[in-house]
Amino acid sequence: MRPFAPQDRVLVSPRYLAGAGIDRLADAIGPLVHLFGWQSEHDRASGRISVHSPDGSLFVNFNSRHTHGHWWSLAHHEPYWEARFTRQTPIEAIAAVTQALPQLLGDDRHIDRIPLTTTPLAQIAELNHWHREDDTFTSPDGHCHLQHTPAEDTPWRFRHHVYDGFDTHWDASFTQDSPERLVAQFSTHLATTTPVERTFRDVPYLVQNLDDALITPVHRAAVNPHVHHAGAQLGRVVHRR
């Protein structure tokens, strides 16, 4: 058993194993409202939050009570495309997509703070050691998959689970006409080896003791927690050789 109390703050990598990180919900919506002036609505009865671009062409919706577990949806009109993310999708990857939306509409304010990747999907996968077989990219540990089928209505589908454990399941999808730059943006912030911060109790149960997951302390690290985590990553690589 890993020596963490439920309330401990920890760093987790790979990111796709870390779970939702819903305590950082504001990272996905806040910049749109406070930096770019998008309008927001919050239905307290249902918990639904919706924000939309000034020109009314792009909408971001969050609803934690959605019956099919698709807590997030992004919709664009003319051309119509939609991206959807289920409950346990890591919030950092979702936020990387939502924060980049104004750039798609030509709003380049804060572009230095919100960089939009220019790296192709195949290269992102290669740089992070995902392997490819036909139309599917798979993470090094086999838990996360990206299927790219250009001819289908939903050509990009991400799926994740650990040993079919319920709390580790999540999926993300992008329909036809979704800008490939957004798919690459999601992939970049999902596949990176940079860890994400969680409360230990919010890390999916099956991941808490999973050998494929690296979990290190935030507050008990002898050095900068990210430096400590990077050292642990390096140590694992050396050990596996």
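Structure: above.
Keep in mind the model is a prediction, meaning the values are calculated, not measured. (Residues numbered from 1 in each chain as written. Predicted model: local features only at pLDDT ≥ 70, side-chain atom pairs only at ≥ 80, totals over all residues. Heavy atoms only, no water.)

A. Examining helix 2 (residues 91-98) more closely. Within helix 2, 8 of the 8 residues are buried, which leaves it mostly tucked inside the rest of the structure. Taken together, the buried positions of helix 2 are occupied by I91, E92, A93, I94, A95, A96, V97 and T98. (Buried < 20%, exposed > 50% of the residue type's maximum accessible area, 1.4 Å probe, protein only. Helix = DSSP H or I, 4+ residues; strand = E, 2+ residues; numbered from the N terminus.)

B. Geometry of the pattern of salt bridges. Applying the stated rule across the entire model yields 4 salt bridges. Here R198 makes a salt bridge to E92, at a shortest N to O gap of 2.8 Å. Here R198, found in strand 12 (residues 196-199), pairs with E92, found in helix 2; they are 106 residues apart in sequence, far enough to count as distant. Here R109 makes a salt bridge to D107, at a shortest N to O gap of 2.8 Å. (Salt bridge = Lys/Arg side-chain N within 4 Å of Asp/Glu carboxyl O.)

C. Focus on the pairing of strand 1 (residues 9-13). Most of strand 1 is tucked away: 4 of the 5 residues are buried. Judged from the 4 bridges that link them, strand 1 and strand 12 form a sheet pairing that is antiparallel. Bridging across to strand 12, V12 finds its partner in V196. Strand direction decides the pairing type here: strand 1 and strand 13 (residues 214-217), joined by 4 bridges, are antiparallel. By the bridge assignment, L11 is partnered in strand 13 with T216. (Pairing = 2+ DSSP bridges.)

D. Region of interest: the packing of aromatic side chains. Counted under the stated rule, the structure contains 10 aromatic pairs. Ring centres 4.8 Å apart and planes at 65 degrees place the aromatic pair F158 and F186 in the edge-to-face group. Residue F158 is found in strand 10 (residues 156-160), and its partner F186 is found in helix 5 (residues 180-191); the two are separated by 28 residues along the sequence. Ring plane angle 75 degrees and centroid distance 6.4 Å describe the contact between W170 and F186, whose orientation is recorded as edge-to-face. A residue pair is termed long-range when its members are at least 10 positions apart, and W170 in strand 11 (residues 170-174) and F186 in helix 5 qualify at 16 residues. Neither W170 nor F186 differs from the other in exposure class; each is buried. Put simply, the rings of F85, F158, W170, F174 and F186 touch in pairs and so form one group of aromatic residues. (Phe/Tyr/Trp six-rings, centres within 6.5 Å; stacked < 30°, edge-to-face > 60°.)

E. Fine view of the packing of helix 2 against helix 5. Relative to each other, helix 2 and helix 5 sit at 150 degrees, their axes nearing to 8 Å. The angle between helix 2 and helix 5 places the two elements in the roughly antiparallel class. Like other packed secondary-structure pairs, helix 2 and helix 5 cross with a definite hand, here right-handed. The residues of helix 5 that touch helix 2, namely those facing E92, A93, I94, A96 and V97, are L182, Q185, F186, H189 and L190. For the contact of helix 2 with helix 5, the class distribution of residues is 7 nonpolar, 2 polar and 1 charged. (Axes fitted to C-alpha atoms, helices over the stretch in contact; angles between N-to-C directions. Parallel < 35°, antiparallel > 145°, perpendicular 65-115°, else oblique. Left-handed = near helix turned anticlockwise from the far one by under 90°. Contact = heavy atoms within 4.5 Å. Nonpolar A, V, L, I, M, F, W, Y, C, P; charged D, E, K, R; others polar.)

F. Just a nonpolar patch on the surface, in detail. Judged by side-chain polarity, Y163, Y205 and L206 come together as a nonpolar surface patch covering roughly 380 Å² of accessible area. Inspection of the secondary structure assignment puts Y205 in helix 6 (residues 205-208). (Patch = residues over 30% accessible without salt bridge, like charges linked within 9 Å, V, L, I, M, F, W, Y side chains within 5 Å. Areas by Shrake-Rupley, 256 points an atom, 1.4 Å probe, with all protein chains shown as cover.)

G. Looking closely at the sheet that holds strand 6 (residues 81-85). Taking strand neighbours across the sheet as the criterion, the 10 strands line up as 2-3-4-5-6-11-10-9-8-7 in an open arrangement whose pairing is antiparallel. The open sheet is flanked by strand 2 (39-43) and strand 7 (131-133), the only strands paired with a single partner. Between one strand axis and the next, the sheet turns through 15 degrees on average, direction left out of account. Strand direction decides the pairing type here: strand 9 (residues 144-148) and strand 10, joined by 5 bridges, are antiparallel. Bridge pairing in strand 10 links H145 to R159. Most of the contacts of helix 1 (residues 26-34) go to strand 3 (residues 48-52), to which it runs at about 40 degrees, and overall it touches strand 2, strand 3, strand 4 (58-62) and strand 5 (72-76).

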